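Residue-level structure breakdown
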Amino acid sequence: LPNGASTVSAVTGVVTGFADANLYLTTMPEAFAAPYPTASAPQLARLGYQTNFWYAGPATWERIGAFTRAQGYEHFYSRGDFGAEAPGSVWGCEDEYLYQQVLSGLSADEPSFNVILNASNHSPYNVDVEAKGFDKEAVRAALPPEAQQDEELLRELGHYWYADREMAKFIQTVKERYPDSLFVIVGDHGDRYNIDQTPSMYERYGIPFIVTGRGIHKGILLPDSAGSQIDIVPTIMELIAPKGFSYMSLGSSLTTTNRRGVNYGFWITRTAIGKADTVPLEPEPLTGSGSAPAIDETGMQDYI
């Protein structure tokens, strides 16, 4: 599950390790006084990693530049650092230019932990994706007849294609240059943009979570693992830190113990999802159909 219903909630979850409580930490004086004990950057720095935050947009958005630095990130890079020639929208430069900057900032001599926040899969969808190779007519032909004249849908699909292609190219390039790299790919929030007009609860409110890199294989996560964005950093810690390394976290690793996630309005397990404010909880299958899976009602209510 995402930490919250917006991008800034995802940023605060990954940067501070805190679950979303409807407080904008990027505006709170305490967040600028010192890193929280659960903050990601200082703990990765203790493992010897240079910590970098890369954002496609402006440093002033939600005070993200000042916030990430105050929470311990050694370097913050934003659109203002990428050059005036990098095209984009009000939300940020096109993904390929962002990834070029990240690639130029990586070094074989210094291990680094990099958080990258892209923007090309976000409206207003003004990238010339056809000029970049998107075969609009082939996609149109593959759509159901009732959707084939939906130009806005085709424009959105083109941007998802572009964002996916550029991320894949970036990951492949980094794997070739630095074969021991670890990648965690995660959505910032769900809802808002739904291709399916009647999505299941999981399709509407869940986000992707993908781990890839050397040593990563099927089975490295618990077969019944589930979680939210506060569980990302502890998962990384359990994958890369030496045995006995201590870290502070509200979440827990999907490799060892974590089998449930909760956020501002929902809970999730490997087989079910539901709203967090109902008594009793009402499980819905992740598939959106079939009988409701059983859950540990008391344990989930306690976690919520």
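Thresholds, definitions, all that
Residues numbered from 1 in each chain as written. Predicted model: local features only at pLDDT ≥ 70, side-chain atom pairs only at ≥ 80, totals over all residues. Heavy atoms only, no water. Helix = DSSP H or I, 4+ residues; strand = E, 2+ residues; numbered from the N terminus. Rg over C-alpha atoms; globule rule 2.2 N^0.38 Å. Buried < 20%, exposed > 50% of the residue type's maximum accessible area, 1.4 Å probe, protein only. Salt bridge = Lys/Arg side-chain N within 4 Å of Asp/Glu carboxyl O. Pairing = 2+ DSSP bridges. Core = buried A, V, L, I, M, F, W, Y, C linked by side-chain atoms within 4.5 Å.

Turning next to the overall build of the protein. A count of helical and extended segments in the protein gives ten helices and eleven strands. Relative to the 2.2 N^0.38 estimate, which gives 19 Å for 304 residues, the radius of gyration of the protein is 20 Å and therefore close to what a compact globule would have. With the principal axes as the frame, the protein shows a C-alpha extent of 55 × 50 × 40 Å. Buried residues in the protein amount to 45% of all 304 residues.

All right, on to the pattern of salt bridges then. Think of it this way: side chains of opposite charge can pair up when their charged atoms draw near. All chains considered together, the criterion is met by ten salt bridges. The partner of Lys136 in a salt bridge is Glu151, and the shortest N-O contact between them spans 2.8 Å. Of the two residues, Lys136 sits in helix H6 (residues 136-142) while Glu151 sits in helix H7 (residues 151-177), which places them 15 residues apart along the sequence. Here Asp191 makes a salt bridge to Arg204, at a shortest N to O gap of 2.7 Å. With a gap of 13 residues between them, Asp191 in the loop between strand E6 (182-186) and helix H8 (201-205) and Arg204 in helix H8 connect regions that are remote in the sequence.

What follows deals with unusual backbone geometry. Look at the link from Ser123 to Pro124: it is a cis peptide, with omega at 20 degrees. Locating Pro124 in the fold gives a position in the loop between strand E5 (112-117) and H6. Note that the residue after Val279, namely Pro280, is joined by a cis bond; omega there is 0 degrees. In this fold, Pro280 is placed in the loop between strand E10 (272-275) and strand E11 (284-285). The phi torsion at Glu62 lies on the positive side, around 50 degrees, for a residue other than glycine. Although it is not a glycine, Arg63 adopts a positive phi angle of roughly 60 degrees. Take Arg63: it is sitting in the loop between strand E1 (50-55) and helix H4 (64-70). Residue class for Arg63 comes out partly exposed when judged on its relative accessible area of 42%.

The next point concerns the sheet that holds strand E8 (residues 261-262). Pairing is antiparallel in the open sheet, where four strands are placed in the order E8-E9-E10-E11. Whereas interior strands pair on both sides, the edge strands pair on one side only; in this sheet they are E8 and E11. Alignment of E8 against strand E9 (residues 266-268), held across two bridges, turns out to be antiparallel. From the neighbouring strand, Val262 faces E9, where its bridge partner is Trp267.

Counting residues in each nonpolar core, the largest one holds 26 residues, and the members touching the most others are Val11, Phe53, Tyr55, Ile64 and Tyr73. Elements that contribute at least two residues to this core include exactly helix H1 (7-16), helix H3 (40-46), E1, H4, E5 and helix H9 (232-240). Within the second largest apolar cluster, 17 residues are counted, among which are Ala56, Phe82, Tyr178 and Phe183.

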